[in-house]
Amino acid sequence: MEEMVEKDDVQGIIFKGYARLEWASYILLHFTEPAPARKWIADLSTRILSAGTSSRDQSTAIHIAFTCPGLAKLGLSAEELATFPREFTEGMVTEHRQRILGDCNEGEPARWIWGGPNDTIEIHAMLLVYALDNATMVELYFSEKILWEQAGIQSVHVMEAHFLPDGKEHFGFRDGISQPEIKFAGRDESSHEANHINPGEFLFGYKNEYEKYTYSPNISPENDPQNLLPPDKNFPQMKDLGRNGSMMVFRQLHQQVQAFWQFMQAHTDQAPSSIKNPLEYVASKMMGRWPNGAPLTKCPVEPLSEFEDCNDFGYAQKDFDGFSCPVGAHIRRVNPRDNFLRDSTGNPEKDIKKSQVFMKRFRVIRRGRPYGPPLAKSMLPQDILKTEDSGEDRGIFFMCFNSNIGRQFELIHQTWINNPKLAELYEDPDPIVGFPEMMENGAVSSFTMQAYPVRRKIENIPRFVWARGGGYFFMPGIKALQYLGSR
Ligand code: HEM
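Residues numbered from 1 in each chain as written. Predicted model: local features only at pLDDT ≥ 70, side-chain atom pairs only at ≥ 80, totals over all residues. Heavy atoms only, no water.

Under an unreviewed UniProt entry, the protein has the name Peroxidase and belongs to Rhodocytophaga rosea. We quote the UniProt Cofactor (unreviewed entry) comment for the protein here in full: "heme b". (UniProt positions renumbered as here; feature names shortened; annotations may be inferred.)

Written out as structure tokens, the structure reads:
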């Protein structure tokens, strides 16, 4: 039985990527005085675009998410904050998380532009603003700025993002193709059953893939005199502050675009001689999709255009050994799909079903956007290699939603991205976003392309991506936002 989801109470960005609203600004805010900040939040709650409102006719959208110090500043007590997930209350920058996320050397928080130990002003919230075009963005930004400044709120840092041609990220690969489909009563199904995920994996207050309610932040009823919040599903004597909200992971990931393609160029000899475009082939083997989006597992030798948007595929039946899409490719390790269980040969059909069920517990909704100008407007590797790199910062504002950061986002990072011994691999962290410096005992980072009769191996993979900022945020439901505004 599928649950009803109160979409009118959910901030719209969790359900939709707003492909039409090409411009985005992420504004980090600091509350100087709690009382006017709360008033501003109550007022802002009326302007948030809900998931229940069609975004098709909208030219703008506004959302807000809070840090743990931000909620403390708004008046939540230590006891109340302790009901939030531990990853959120501890924050992204702990020694333990640095190891999980690979935030070392160039990516260490001490070098971050924001979110690290060098911040001079505490970050309390992120305002996410989306607009159809630049003029609309400028108008919206300044009209909102007047309001937050009147409430004594300071903007600490502003980040701007804009889609690149063909929905590509900076390395030149189409992004945002594979997303989980939130399962709820009355929706239009648009993907394979294995991709239908219970709402509780992303939203508090609903059943997750264990058929349980993820622990949600809660408060005692005395602190909700206006009775704005519903009872907590796990602790009905408490009020659910989390319902229809989600945990938002936000990371500014810098990309070394030219170094990426120079490395691929230096390893084109690893492509079989029959391959038409060895440069794209080697990089696509690492990504798991071709630049146009076509999955390697469906198109192992060339990017067929009819597969550009293909997301209905698995690995277990036709590509178990990774001859088409390598086992350690980015998309295969972050979502092994029907090939999560790799060690049993007893009954493949049973393993496929089990894998699909398990994998539903490790999905995230990605809503990231690229930042910085493209190195070459065409986004083609040949042009990227020819263009002089002026050293401008470019990368992805990686953003994802999940209800359990530890079991979803962090597990993907620690167990799959950053694990050189994933599946039958030995020295292979994720070739695109892995952390070669974290290999044990000075081992070199490799990428293995399974092949017959012998596999091919590329060694000494440098790091192409590192963090320059980040944080864990709570994006409340709209009623919870009204509640925070009324405290
Ligand atoms: C600069 C960094 C990154 C780049 C360039 C990148 C690039 C890509 C591309 C091109 C795709 C394929 C398009 C698609 O299926 O939507 C993809 C898929 C994906 N990426 Fe990344 N990514 C990056 C960082 C990350 C990180 C940090 C995570 C951690 C959670 C991640 C998780 C995923 C997931 C879950 C998928 C979907 C896989 C699937 O379902 O098949 N990515 N990424």
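Another aspect to go through is the overall build of the protein. Counting its regular elements, the protein contains 13 helices and 15 strands. Taking 23 Å as the expected radius of gyration for a compact globule of 487 residues, we find that the protein reaches 22 Å, a close match to that expectation. Over its C-alpha atoms, taken along the principal directions, the protein stretches across nearly 70 × 55 × 50 Å. When the 487 residues of the protein are sorted by exposure, 56% land in the buried category. Across the protein, every contact between residues at least 6 apart in sequence was considered, and the portion connecting residues at least 24 apart equals 70%. Total accessible area on the protein stands at roughly 20,500 Å², and carbon and sulfur atoms take up 50% of it. (Helix = DSSP H or I, 4+ residues; strand = E, 2+ residues; numbered from the N terminus. Rg over C-alpha atoms; globule rule 2.2 N^0.38 Å. Buried < 20%, exposed > 50% of the residue type's maximum accessible area, 1.4 Å probe, protein only. Contact = heavy atoms within 4.5 Å. Areas by Shrake-Rupley, 256 points an atom, 1.4 Å probe, with all protein chains shown as cover.)

Attention now goes to the coordination of the iron atom of the ligand. Coordination of the iron atom of the ligand by the protein comes from a single atom, His330 (NE2), at 2.2 Å. For His330, the location among the structural elements is in helix H9 (residues 330-334). (Donors = N, O, S within 2.8 Å, 3.2 Å for Na, K, Ca; no water.)

Here strand E12 (residues 395-402) lies mainly inside the structure; eight of its eight residues are buried. Of the pairings in the sheet, the one linking strand E9 (residues 246-255) to E12 comprises eight bridges and is antiparallel in character. What sits directly across from Phe250, in E12, is Met399. When strand E10 (residues 365-366) meets E12, the two strands line up antiparallel, connected through two bridges. What sits directly across from Arg366, in E12, is Cys400. Relative to E12, strand E11 (residues 369-371) is paired through three bridges, and the arrangement is antiparallel. (Pairing = 2+ DSSP bridges.)

Attention shifts here to the pairing of strand E2 (residues 60-66). A large share of E2 lies buried, amounting to six of its seven residues. Note: E2 against strand E3 (residues 125-131), seven bridges, orientation antiparallel. Bridging from a neighbouring strand, Ile64 pairs with Leu127 of E3.

Between helix H1 (residues 34-44) and helix H13 (residues 478-486), the shortest axis-to-axis distance is 7 Å and the interhelical angle comes to 155 degrees. Classified by the angle between their axes, H1 and H13 sit roughly antiparallel to one another. In the crossing of H1 with H13, the sense of the turn from one axis to the other is left-handed. For the pair H1 and H13, contact is made by Arg38, Lys39, Ile41 and Ala42 and by Leu481, Leu484 and Gly485, respectively. Looking at the contact of H1 with H13, its residues break down into four nonpolar, one polar and two charged. (Axes fitted to C-alpha atoms, helices over the stretch in contact; angles between N-to-C directions. Parallel < 35°, antiparallel > 145°, perpendicular 65-115°, else oblique. Left-handed = near helix turned anticlockwise from the far one by under 90°. Nonpolar A, V, L, I, M, F, W, Y, C, P; charged D, E, K, R; others polar.)

Let's shift gears to the packing of aromatic side chains. Counted under the stated rule, the structure contains 28 aromatic pairs. On the numbers, 5.5 Å between centres and 80 degrees between planes, the contact of Tyr26 with Phe397 is edge-to-face. Taken together, the positions of Tyr26 in strand E1 (residues 23-31) and Phe397 in strand E12 put the pair 371 residues apart, joining distant regions of the chain. An identical accessibility class is assigned to Tyr26 and Phe397; each is buried. Centroid distance Phe260 to Trp261: 5.2 Å. Interplanar angle 90 degrees. Geometry classified as edge-to-face. Residue classification places Trp261 among the buried residues on the basis of a relative accessible area of 0%. Looking at Lys421, its charged tip hangs above the ring of Tyr426, at a distance of 4.6 Å from the centre. (Phe/Tyr/Trp six-rings, centres within 6.5 Å; stacked < 30°, edge-to-face > 60°. Lys NZ or Arg CZ within 6 Å of the ring centre and 35° of its normal.)

Moving on to empty space enclosed by the protein. Going through the model one piece at a time under the given rule, you end up with one cavity of 30 Å³ or more. Considering only enclosed or pocket space, the largest cavity measures out at about 30 Å³ in volume. Along its surface, the largest cavity is lined by Pro429, Asp430, Pro431, Gly434, Pro436, Ser445, Ile461 and Pro462. Grouping the amino acids of the lining of the largest cavity by side-chain chemistry returns five nonpolar, two polar and one charged. (1 Å grid on protein atoms, 1.4 Å probe; cavity = no way out; pocket = protein on both sides within 12 Å on 5 of 7 lines; lining within 4 Å. Points joined across faces, edges and corners; volume = space filled by probe spheres on them.)

Right, let's get into the environment of Gly205. Considering the arrangement of structural elements, one finds Gly205 in the loop between strand E6 (196-197) and strand E7 (218-219). The sequence separation of Gly205 and Ser246 amounts to 41 residues, and the corresponding C-alpha distance is 9.8 Å. In contact with Gly205, other than residues within four places in its own chain, are Tyr213, Lys233, Asp240 and Arg243.

We now examine the pattern of salt bridges. Under the defined criterion, the tally for this structure stands at 23 salt bridges. Notably, a salt bridge pairs Arg407 with Glu201, separated by 2.9 Å at the nearest N-O pair. Placement of the pair is Arg407 in helix H12 (residues 406-417) and Glu201 in the loop between E6 and E7, with a sequence separation of 206 residues. Grouping residues by exposure puts Arg407 and Glu201 together as buried. Between Asp224 and Lys239 there is a salt bridge, with the nearest N and O atoms lying 2.8 Å from each other. Of this pair, Asp224 sits in the loop between E7 and strand E8 (239-240) while Lys239 sits in strand E8, and the two are 15 residues apart along the sequence. Taken individually, Asp224 and Lys239 each receive the classification buried, so the pair is uniform in this respect. Shared partners join several salt bridges into a network, and the residues in it are Arg86, Glu90, Arg97 and Glu410. (Salt bridge = Lys/Arg side-chain N within 4 Å of Asp/Glu carboxyl O.)

Turning next to the site of the ligand. Neighbouring residues of the ligand: 25 residues in total, closest Ile177, Ser178, His330, Arg337 and Arg366. A distance of 3.0 Å is found between an oxygen atom of the ligand and a backbone nitrogen or oxygen belonging to Gly176. Taking Arg337, its side chain carries an N or O atom lying 2.7 Å from an oxygen atom of the ligand. For the shell around the ligand, the leading source of residues is H12, giving four residues. Partitioning the shell around the ligand into residue classes produces 13 nonpolar, six polar and six charged. (Near = heavy atom within 4 Å. Polar contact = N/O pair within 3.5 Å; in protein donor to acceptor, adjacent residues only side chain to side chain.)

So, about H13. For H13, the full list of buried residues reads Ile478, Ala480, Leu481, Tyr483, Leu484 and Gly485. The inward-facing, buried residues of H13 contact H1, E2, helix H2 (68-73) and E7.

Quick look at the side chain of His63 now. Of note, His63 is situated in strand E2. In this structure the side chain of His63 is engaged in a polar contact, spanning 2.7 Å, whose partner is the side chain of Tyr18. Sequence-distant contacts of His63, that is, excluding residues within four places in its chain, are made with Gln11, Gly12, Ile13, Tyr18, Ile48, Leu49, Met126, Leu127, Leu128, Tyr130 and Met475.

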